[in-house]
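Topology and contacts: notes
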Amino acid sequence: MKTNVTERVATLHRKSFIIDAHFDLPLDVAMRRERGERRVIETSYIEDFRAGGVDLVVGAIFIHDYFLPEMGLRRALDQITYIHEELEESPGADETLPHHGRGSGGPRGGGGGLDFIT
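Quick caveat: nothing in here was measured; it's all calculated off a predicted structure.

Rules and cut-offs
Residues numbered from 1 in each chain as written. Predicted model: local features only at pLDDT ≥ 70, side-chain atom pairs only at ≥ 80, totals over all residues. Heavy atoms only, no water. Core = buried A, V, L, I, M, F, W, Y, C linked by side-chain atoms within 4.5 Å. Buried < 20%, exposed > 50% of the residue type's maximum accessible area, 1.4 Å probe, protein only. Contact = heavy atoms within 4.5 Å. Salt bridge = Lys/Arg side-chain N within 4 Å of Asp/Glu carboxyl O. Helix = DSSP H or I, 4+ residues; strand = E, 2+ residues; numbered from the N terminus.

**Concerning the nonpolar core**
Counting 15 residues, the largest nonpolar core has Leu-25, Val-29 and Phe-49 as its most contacted members. Apart from the residues within four sequence positions on either side, Val-29 is in contact with Val-40, Ile-41, Tyr-82, Ile-83 and Glu-86.

Right under this line is the structure:
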């Protein structure tokens, strides 16, 4: 019975479009880049996204209370800028993960891969 359930879960996972829809990726990238790290997504996340079969990441912009209200917009724009810089530094990072053979690609109709919509 356990093997049957495990196999069914694995099959469902392979056939599904996997979305991580609550992830503070921009905040983590910003904090690391401000400490001098580069290629944070490439070196710290891509392999985990691949292993988990993640097809789409919705990276939420999170602003700590102590930045509000005066610095809220600046911090949000910084996080967006850092994500853009990450993608420029890591060519192909936004298309590095296969869509597990499900259809013709991601929301932008490309050949598949992890989709970053900025």
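Past the structure itself, the notes keep going.
**Here's the deal with the pattern of salt bridges**
Inspection of every chain in the model, using the stated rule, returns eleven salt bridges. The partner of Asp-28 in a salt bridge is Arg-32, with the nearest N and O atoms 3.1 Å apart. In this pair, Asp-28 and Arg-32 both sit in helix H2 (residues 25–34), four residues apart, roughly one turn of the helix. A residue is classified by how much of its surface remains accessible, and Asp-28, at 18% relative accessible area, is buried. Within the structure, one salt-bridge network assembled from shared partners comprises Arg-33, Arg-38, Glu-85, Glu-86 and Glu-89.

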